[in-house]
Amino acid sequence: DRWLTCRSLPPGALERIADTVADRLRVPWFAGAVKINVSLVPPLVLLPVFLHVAALHFLLGLVILTSLPVVVLWYYYLTHRRKERTLFFLSLGLFSLGYMYYVFLQEVVPRGHVGYSQVVALTCGLVFMLAALSRAKKDPGYLPTPASNEKSSQRGLPNNSVRRSSNGLHGGTLSGAASGRAVNGEAKGYFRMSAEEPEGVKKDWCTKCQLVRPARAGHCRLCGRCVRRLDHHCVWINSCVGEQNHQAFILALSFFMLTSVYGITLTLHTICRGRTPFVALFYCPGAYSDYSSALSFTCVWYSAIVTAGMGYILLIQLLNISYNVTEREARLALRDNTGRRLLGGLVIDTGQYNRGFLCNWGHFLSLGSSPPQRSAEDIV
């Protein structure tokens, strides 16, 4: 009524309308209506529409394929600023994989230039990638949280009590007051606690989880948990990347890169005969001669854009592993000006855990090989 009468809406009206729509969006089911996450809907509806419209003309394809990454990045920064978890990126990634595979089977394979063995190889790569992704979605290495009664009792303790108990366990002292800011997944207000360890590393007291974090662990504001050897929170898997799933995360990225590049190559060899894949990607005169070729070529460009973005993420991850630094540690080093920029700024070497290329990779490959032992610090 206010819209029709051109009157201003009361504060928070749009948010309440959006929450109501999100709550009422349900699908009938045998055991009762199932609520649908609103963030799952846009990729399922808009991606096929945009790709089919982009296949109508070269200029339409140029505009849509240029605007799509901009819209995705805008939504990423919007959710990242609000510290919200969303299934949009995971839904977009999985549906993109399924839809590209569908277009490949429906539009490219019937042309007769792709062999049975090549289809099997592409399918196996897709299955391996999904298996690695499923493993990466599991526990990243969450630290065990104390019981609720222990939490309440610890919250009631004054800071002096925490200092005395921590001195009894570690032989160290709390240095400084709680930090007033949250940086790169860190919880607001944690105490820095020095511990007597062989390597001289420090441990942190997390006021959110009410526990002492071991070295290289961090608190994720999106998940609300502390994670061992926290690297970052990945929106594409809607989970943290930590000690227990970092290997699976790298494996999923690697299988995705191999499968995507192989599928792009097969498609370009089919619709742009006689040209190398790189040349055909930029110059394919017969791509818009028929709608089937145009749709395939549009999907190739969409896949190439996504592959370039994931390739950059994989490159940064491999460089960080080579220098034994996590993404979280690199960002903290930049904030505190304690790291060195190497390779044109692609990697930040903190020098704290770097033991050489082979030792660093040996350390990474041994992550999660044995379950971490609970010490007295974890029970505080």
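As the structure is a computational prediction, the values presented were derived from the model and not from experiment.

Peer 1: Lay out the state of the cysteines with the relevant residues and their values.
Peer 2: Scanning the entire structure with this criterion turns up one disulfide. Here Cys272 engages in a disulfide with Cys284; their sulfurs sit 1.7 Å apart. Residues Cys272 and Cys284 are joined by a disulfide whose S-S torsion is about -105°; by sign, that bridge is left-handed. Placement of Cys272 in the loop between helix H8 (246–271) and helix H9 (277–282) and of Cys284 in the loop between H9 and helix H10 (291–322) is noted, with a sequence separation of 12 residues between them. When sorted by exposure, Cys272 lands in the same class as Cys284, which is buried. As a non-bridged cysteine, Cys234 has Cys240 as the owner of its nearest cysteine sulfur, 9.8 Å distant. Cys234 sits in the buried class, given a relative accessible area of 5%.

Peer 1: I'd like a description of the confidence of the model for the chain, backed by residues and values.
Peer 2: Per-residue pLDDT for the chain averages 81, and the proportion of residues at 70 or more is 81%. Predicted confidence is poor over residues 151–201, with pLDDT under 50, and the contacts of this stretch with residues over four places away or in other chains come to 99 contacts. For the stretch residues 375–380, pLDDT sits under 50, and the model shows 18 contacts to residues farther than four places along the chain or on other chains.

Peer 1: Residues and numbers for the packing of aromatic side chains, please.
Peer 2: Applying the stated criterion across every chain, the model contains 15 aromatic pairs. With 6.0 Å between their ring centres and 20° between their planes, Phe95 and Tyr99 make a pair best called stacked. Placement of both Phe95 and Tyr99 in helix H4 (residues 88–108) is noted, with a separation of four residues, approximately one turn of the helix. We classify Phe95 as partly exposed; its relative accessible area is 23%. Ring pairing ties together the aromatic residues Tyr75, Tyr76, Tyr77, Phe88, Phe89 and Trp236, which thus form one cluster. The positively charged end of Arg216 is found above the aromatic ring belonging to Tyr353, 3.9 Å away from the centroid.

Peer 1: Run through the nonpolar core, naming residues and quoting values.
Peer 2: Membership of the largest hydrophobic core comes to 21 residues, with the highest contact counts inside it found for Ile237, Phe249, Ile250 and Phe256. Counting residues in hydrophobic clusters, the runner-up holds 19 residues, among them Leu68, Met100, Cys299 and Tyr302.

Peer 1: A description of helix H2 (residues 41–54) should follow, citing residues and the corresponding values.
Peer 2: Between its first and last C-alpha, H2 extends 20 Å over 14 residues, near the 20 Å set by a 1.5 Å rise per residue. For H2, the complete set of buried residues consists of Pro43, Leu47, Pro48, Leu51 and Ala54. Against helix H3 (58–82), H4 and H10 lie the buried residues of H2.

Peer 1: Give a description of the environment of Ile64 that names residues and reports values.
Peer 2: Within the secondary structure, Ile64 is located in helix H3. C-alpha separation for the pair Ile64 and Val53, spaced 11 residues apart in sequence, amounts to 8.4 Å. Not counting the four nearest positions on each side in its chain, Ile64 is found in contact with Phe50, Val53 and Ala54.

Peer 1: Could you give me a rundown of the pattern of salt bridges, with the residues and numbers involved?
Peer 2: Applying the stated criterion to the full structure yields five salt bridges. One salt bridge connects Asp290 with Arg111, and the closest N-O pair in it is separated by 3.5 Å. Of this pair, Asp290 sits in the loop between H9 and H10 while Arg111 is found in the loop between H4 and helix H5 (116–136), placing the two residues 179 residues apart along the sequence. With a shortest N-O distance of 2.9 Å, Asp349 and Arg340 are connected by a salt bridge.

Peer 1: Just give me the short version of unusual backbone geometry, but keep the residues and values in it.
Peer 2: If you check the backbone angles, Asn324 has positive phi at about 55° while not being a glycine. With respect to the helices and strands, the residue Asn324 is situated in the loop between H10 and helix H11 (327–336). Here Asn324 falls in the buried class, since its relative accessible area comes to 5%. We note that Leu343 has phi near 55°; this positive angle belongs to a residue other than glycine.

Peer 1: Give a detailed account of the packing of H4 against H5, specifying residues and quantitative values.
Peer 2: For the pair H4 and H5, the least separation of the axes is 12 Å and the interaxial angle reads 170°. It follows that H4 is roughly antiparallel to H5 by the angle criterion. Across the interface between the two elements, Leu94, Leu97, Tyr101, Phe104 and Leu105 from H4 touch Val119, Leu122, Thr123, Leu126, Met129, Leu130 and Leu133 from H5. Considering only residue class, the contact of H4 with H5 consists of 11 nonpolar, one polar and no charged.

The rules behind the values
- Residues numbered from 1 in each chain as written.
- Predicted model: local features only at pLDDT ≥ 70, side-chain atom pairs only at ≥ 80, totals over all residues.
- Heavy atoms only, no water.
- Disulfide = S-S within 2.5 Å.
- Helix = DSSP H or I, 4+ residues; strand = E, 2+ residues; numbered from the N terminus.
- Buried < 20%, exposed > 50% of the residue type's maximum accessible area, 1.4 Å probe, protein only.
- pLDDT = per-residue confidence, 0-100.
- Contact = heavy atoms within 4.5 Å.
- Phe/Tyr/Trp six-rings, centres within 6.5 Å; stacked < 30°, edge-to-face > 60°.
- Lys NZ or Arg CZ within 6 Å of the ring centre and 35° of its normal.
- Core = buried A, V, L, I, M, F, W, Y, C linked by side-chain atoms within 4.5 Å.
- Expected span 1.5 Å × (residues − 1).
- Salt bridge = Lys/Arg side-chain N within 4 Å of Asp/Glu carboxyl O.
- Axes fitted to C-alpha atoms, helices over the stretch in contact; angles between N-to-C directions.
- Parallel < 35°, antiparallel > 145°, perpendicular 65-115°, else oblique.
- Nonpolar A, V, L, I, M, F, W, Y, C, P; charged D, E, K, R; others polar.

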